[in-house]
Each structure stands twice: as structure tokens, then as C-alpha cells.
Amino acid sequence: WRGGGGNPFVPGPPAPRVQDIPPRGGSPPITYTSQNKPRGPPGWAIWLGAISFISFGFFRVGQTNKERNLNKKEKRESPSLVCVCFFPNRT
């Protein structure tokens, strides 16, 4: 133990301080651009993919709405077709 008399809670003498300084002539230049290789798709490709998926989703929603409205219209007008078949003079 550094403490006095074997007690670990008593601090010992301070260690000598060493100042960290740069070497003579300065530090060597840091090359960080050669280590950074492009990873994954570029940003424009991500945006293009997202916009195309969203556009296709809106297109499918529109097609489904048109089909649903057509089914509702057929269901709504079907009693009137039965009426025309059984009673040709009435509308």
C-alpha cells in the first residue's frame, strides 16, 4: 500500500507530475479521409426509394377507393334494378 502504516485509506506521497507535450517539429498529420470509405447507398437513392414507395402506396389507396366506391354504387343500385325487372313501368 502507498498509505502510511499499511492503512489503504491514508494517501501516500504525491506522484511526480509529467506534462504531455508534442514532439519536436509537431505531430504528424492525421490522414482520416483515406480510412472513410463510402458505405451504403447515397442519400439521393434513399430519398428516391422512399418517394417511390410512398407514391406507390398512395396509388394503391386510390385504386382501392375507386373499387370500393364502385362496389358501394352497385350495392346501392341493385334494389332499383330488381324493381325495374319486376315492375317495368316504375322507376
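Refer to the structure presented above.
Below you will find a few notes about this structure. Note that the structure is a prediction, hence the values are computed from the model and not measured. (Residues numbered from 1 in each chain as written. Predicted model: local features only at pLDDT ≥ 70, side-chain atom pairs only at ≥ 80, totals over all residues. Heavy atoms only, no water.)

A word on the overall build of the protein. From N to C terminus, the protein includes 1 helix and 0 strands. Within the protein, the fraction of its 91 residues that count as buried is 1%. For the protein, the accessible surface area stands at approximately 9500 Å², while carbon and sulfur atoms represent 63% of it. (Helix = DSSP H or I, 4+ residues; strand = E, 2+ residues; numbered from the N terminus. Buried < 20%, exposed > 50% of the residue type's maximum accessible area, 1.4 Å probe, protein only. Areas by Shrake-Rupley, 256 points an atom, 1.4 Å probe, with all protein chains shown as cover.)

All right, on to the packing of aromatic side chains then. The relative placement of two aromatic rings is captured by the distance of their centres and the angle of their planes. Within this structure, the stated rule accounts for 1 aromatic pair. Consider the rings of phenylalanine 56 and phenylalanine 59, whose centres lie 6.5 Å apart with planes at 35 degrees: the pair is tilted. Placement of the pair is phenylalanine 56 and phenylalanine 59 together in helix H1 (residues 43–86), with a separation of 3 residues, close to one helical turn. Residue phenylalanine 56 is classed as exposed on the basis of its relative accessible area, which comes to 51%. (Phe/Tyr/Trp six-rings, centres within 6.5 Å; stacked < 30°, edge-to-face > 60°.)

A few words on a positive patch on the surface. Residues Arg68, Lys72, Lys73 and Arg76 make up a contiguous surface patch of positive charge. With respect to the helices and strands, arginine 76 occurs in helix H1. Judged by its relative accessible area of 57%, arginine 76 is exposed. (Patch = residues over 30% accessible without salt bridge, like charges linked within 9 Å, V, L, I, M, F, W, Y side chains within 5 Å. Salt bridge = Lys/Arg side-chain N within 4 Å of Asp/Glu carboxyl O. Lys, Arg positive; Asp, Glu negative; His and termini not counted. Charge placed at Lys NZ, Arg CZ, Asp CG, Glu CD.)

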